[in-house]
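In case you want the letters, here they are:
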Amino acid sequence: MSETISNILRSPMLHRMVKSNCRNNNFPVWNTKYAIESTHGVPNDQLGSGWFQMTFHENAHNDANPMTGVKDRRHPTLIRLSLLFTMIVIVPGTAGVLFSLSKAGHLNLPEASGGIVALAAYIVALMTIANIGLRWLRWHYLVRRAGVRLATRESVLFYMATLPTLLTPFSVGELIRALLLGRRYPSLRLDIVAVWVLERASDFLVVVSLVALYLNEWTFLPAAVAVWCIAALSIGAWWKKRNSANRLHTAALAGLLAVTFGIWILPGFALWSATVSLGPTLPFGVALGDFVKSTFMGELSGSPTGIGIADSSLIALLTGQGFSPDYAGFVTELFRGCSTWFAVSLGACVALLFVRRLTKTLRPFQTAEHFEELAPSYAAELPFHLRKRLLERKTAIMCRWLDREETPLFARGLDFGCGQGWYTCKMAERGYRMTGLDLSEGQIREARAYAVDCHSDVQFEQIEGTVLPYDDATFDFVYAINVLHHVMDTTQRDMILKQLVRVLKPGGVFFLQEFNPANIVFRLYISYLYPLIRGIDEGTELWIHPDRPPPVDGAQWQTERDYITFLPDFLPAFLTRTMEPVERWLEQSALRRWSAHYMIRLVKDGEQTEFKPGHS
């Protein structure tokens, strides 16, 4: 009798039936307990009394579950962004307005009221902010190509804090960036200098092109093109020789020139907007030409930011357009005060207010340290409806594959880089024996507290290094969700993959879920904008393309790809729900390759061992 019951309890068919019934009825299997061991030496009266137990908690969906009602700890990111917005727009902008008004008081411009002047000043200030944004984007992209993996938020603050270097002849003061970043990247100092050379060559080409277009004189354009080509091709060849990943391909160079044109067109638009606001309107093409020509003459003089020369040149050009000297002088003072001097004052403010953060920028970046600091506010970085949606979608897609491979209900799984344990507990709810690993002690502490609230029987462990503390062939499946892109050393990443395969049983599967870099728009968003909005990613990540995963000895990547989610993470909950049918259609259409997330599977060589309940 005992042998018969033992065989029934060992039966994989029973496990699949229980698992299927639980899932088909949407019944939560919380804190699945099992004690199906070898029945040798077990008294008959103990068989069936607690050897196959499943505890279903009534409060699985009440407020005790953090994913369905716990109050998130507010992250100060929104507060910091609000303060930064106040500092950028209101404080320096108001200073620029007061400066312009003080100048206007000495001029014979009675028709220029304070409100009109304020409007014109703020338009120029906003255009200056957009111009600084484009300049930062160009610099940040180029230093990434040079091998400098600077966090996006750190990069923005660092670039803005060095804006006062504009007050140097030919902007040579910007080379201080190579000196400062050289403390973190000593081997890349010359590469950062090369970035400055490429920026100046691009500016020279664009300025000469715009001046030639304005004057209809093309004599100097071939020389500017030659200078730029020599700089771009030489630097691109040097970077390619040092690191094949850091290439200035044709698309990158075209984007560089496009952004540079935007950098020089925006101030022209600001000058034109000022004339529209203040009275006599200057045609946009003429305003752009006057700005570029006066700036070019100022730069040729070698004076810092063209002080004196650029101002007098712009006044002369505006006067030549038929405007009065008073009007030309006032527009020039307002434009320069709310552009050049606004940018310099903005940089000085950032340097003073964020000096501690900037000091940290010069130290080597540590991923574990970043997530350790983020642990208390990590949950607040993602809206609840987004976390819930991704949690359901990403666990469901793994369970579908596990069901397809007839993985037993009590299969043992490893969540590598578990964070705060959301996915670990969700997989445990679905009936798997789960273990969560993370480098951050703070994240593990939060994960354990989350598991207690969920009444989930999950093990969480902190690890150091790349060696997993488990024997070979320990787990039936392993997964890593948005983890490996944080490993920026490809050698270390390969070691981690080798370790994950080692702890898999023969025939076991590793699920890799990552952001999809095949979607260029999403990649730009996740690399440049997302790190500014949320603190989870730093913008230094090394993306893994779904069609080019790194090879792993002893395992094979499967050809099937799963592409999920298209909706942006910043959509409100009601709009997300409304657009879900469209998203599901996109996931099944020919456009699915450009989804926001993907999942691929790595299967360990060898046949899967026969499952034995309680076997580890």
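Residues numbered from 1 in each chain as written. Predicted model: local features only at pLDDT ≥ 70, side-chain atom pairs only at ≥ 80, totals over all residues. Heavy atoms only, no water.

### Comments concerning the overall build of the protein chain
Now for step 1: On a plain count of helices and strands, the protein chain comes out with 21 helices and eight strands.
Now for step 2: Per-residue burial over the protein chain gives 52% buried out of 616 residues.
Now for step 3: For the protein chain, the proportion of contacts with a sequence separation of at least 24, taken over those separated by at least 6, is 78%.
Now for step 4: Surface exposure of the protein chain reaches about 28,100 Å², of which carbon and sulfur atoms provide 62%. (Helix = DSSP H or I, 4+ residues; strand = E, 2+ residues; numbered from the N terminus. Buried < 20%, exposed > 50% of the residue type's maximum accessible area, 1.4 Å probe, protein only. Contact = heavy atoms within 4.5 Å. Areas by Shrake-Rupley, 256 points an atom, 1.4 Å probe, with all protein chains shown as cover.)

### Comments concerning the nonpolar core
Now for step 1: Among the nonpolar cores identified, the biggest contains 44 residues, and Trp-139, Val-148, Val-195, Leu-198, Trp-228, Trp-239 and Leu-248 are the most heavily contacted of them.
Now for step 2: Elements represented by at least two residues in this core include exactly helix H4 (114-145), helix H5 (152-161), helix H6 (176-181), helix H7 (189-215), helix H8 (221-242), helix H9 (250-278) and helix H13 (340-353).
Now for step 3: Every residue in contact with Trp-228, bar those within four places of it in the chain, is listed here: Leu-198, Ala-201, Ser-202, Leu-205, Leu-253, Leu-256 and Leu-257.
Now for step 4: Counting residues in each nonpolar core, the second largest holds 39 residues, with Tyr-423, Ile-444, Tyr-479 and Ile-564 among its members. (Core = buried A, V, L, I, M, F, W, Y, C linked by side-chain atoms within 4.5 Å.)

### What about the pattern of salt bridges?
Now for step 1: With the rule as written, the count across this model stands at 19 salt bridges.
Now for step 2: A salt bridge links Arg-184 to Glu-154; the shortest N-O distance between them is 3.5 Å. Of this pair, Arg-184 sits in the loop between H6 and H7 while Glu-154 sits in helix H5, and the two are 30 residues apart along the sequence.
Now for step 3: Given the relative accessible area of 10%, Arg-184 is considered buried.
Now for step 4: Among the ionic pairs, Glu-583 bridges to Arg-393, the shortest N-O distance being 3.4 Å. One end of the pair, Glu-583, is in helix H21 (residues 573-588); the other, Arg-393, is in helix H16 (residues 384-404), with 190 residues separating them in the sequence.
Now for step 5: The exposure class assigned to Glu-583 is buried, which follows from its relative accessible area of 1%.
Now for step 6: Shared partners join several salt bridges into a network, and the residues in it are Arg-138, Glu-174, Arg-177, Glu-199, Arg-200 and Asp-203. (Salt bridge = Lys/Arg side-chain N within 4 Å of Asp/Glu carboxyl O.)

### Here's the deal with the confidence of the model for the protein chain
Now for step 1: Per-residue confidence for the protein chain averages 77 on the pLDDT scale, and 75% of its residues sit at or above 70.
Now for step 2: Across the protein chain, strand S4 (residues 475-481) holds the top mean pLDDT of 95, while helix H1 (residues 2-10) sits lowest at 45.
Now for step 3: Throughout residues 21-77 the model reports pLDDT below 50, and contacts reaching past four residues in sequence, or to other chains, amount to 106 contacts.
Now for step 4: In the model, residues 610-616 has pLDDT below 50 throughout and makes 16 contacts with residues more than four positions away in sequence or in other chains. (pLDDT = per-residue confidence, 0-100.)

### With respect to unusual backbone geometry
Now for step 1: Although it is not a glycine, Asn-216 adopts a positive phi angle of roughly 55°.
Now for step 2: In this structure, Thr-565 takes a positive phi of about 65° despite not being glycine.
Now for step 3: One can find Thr-565 in the loop between strand S7 (562-564) and H21.

### Section: the side chain of Arg-493
Now for step 1: Note on placement: Arg-493 falls in helix H19 (residues 490-502).
Now for step 2: Owing to a relative accessible area of 11%, Arg-493 belongs among the buried residues under this scheme.
Now for step 3: Aside from chain neighbours lying at most four places away, what touches Arg-493 is Val-487, Leu-542, Ile-544 and Pro-550.

### Observations regarding helix H10 (residues 284-301)
Now for step 1: In this model, H10 (18 residues) spans 26 Å end to end at C-alpha, consistent with the 26 Å of a helix rising 1.5 Å per residue.
Now for step 2: All of the buried residues in H10 are Ala-287, Leu-288, Gly-289, Asp-290, Phe-291, Val-292, Ser-294, Thr-295 and Gly-298.
Now for step 3: Looking one or two residues past H10, Gly-302 carries a phi angle of roughly 85°, positive in sign. (Expected span 1.5 Å × (residues − 1).)

### Points about the side chain of Ser-209
Now for step 1: Inspection of the secondary structure puts Ser-209 in helix H7.
Now for step 2: Judged by relative accessible area, Ser-209 falls into the buried class, the value being 17%.

### Here we look at the packing of H10 against helix H11 (residues 309-320)
Now for step 1: Between H10 and H11, the shortest axis-to-axis distance is 8 Å and the interhelical angle comes to 150°. With respect to each other, H10 and H11 are oriented roughly antiparallel. Between H10 and H11 lies a crossing whose hand is right-handed. Every residue of H11 that contacts H10 at Asp-290, Phe-291, Lys-293, Ser-294, Met-297, Gly-298 and Ser-301 is listed here: Ile-309, Ala-310, Ser-313, Leu-314, Leu-317 and Leu-318. (Axes fitted to C-alpha atoms, helices over the stretch in contact; angles between N-to-C directions. Parallel < 35°, antiparallel > 145°, perpendicular 65-115°, else oblique. Left-handed = near helix turned anticlockwise from the far one by under 90°.)

### Comments concerning H19
Spacing of three or four residues puts side chains on the same side of an α-helix, whose turn is 3.6 residues.
Now for step 1: Given a rise of 1.5 Å per residue, 13 residues ought to cover 18 Å, and the 18 Å separating the end C-alpha atoms of H19 matches this to within 8%.
Now for step 2: Buried within H19 we find Arg-493, Ile-496, Leu-497, Gln-499, Leu-500 and Val-501.
Now for step 3: Looking at the buried positions of H19, the neighbouring elements they touch are strand S1 (412-416), S4, strand S5 (504-515), strand S6 (555-557) and strand S8 (597-604).
Now for step 4: Where H19 starts, the residue carrying a side-chain oxygen 2.9 Å from the main-chain nitrogen of Thr-491 turns out to be Asp-489. (Polar contact = N/O pair within 3.5 Å; in protein donor to acceptor, adjacent residues only side chain to side chain.)

### Some remarks on the packing of aromatic side chains
Now for step 1: Scanning all chains against the criterion turns up 15 aromatic pairs.
Now for step 2: Between the aromatic rings of Trp-139 and Tyr-159, the centroid separation amounts to 5.5 Å while the plane-to-plane angle is 40°, which identifies the pairing as tilted. In this pair, Trp-139 sits in helix H4 while Tyr-159 sits in helix H5, placing the two residues 20 residues apart along the sequence. Both residues of the pair, Trp-139 and Tyr-159, count as buried. (Phe/Tyr/Trp six-rings, centres within 6.5 Å; stacked < 30°, edge-to-face > 60°.)

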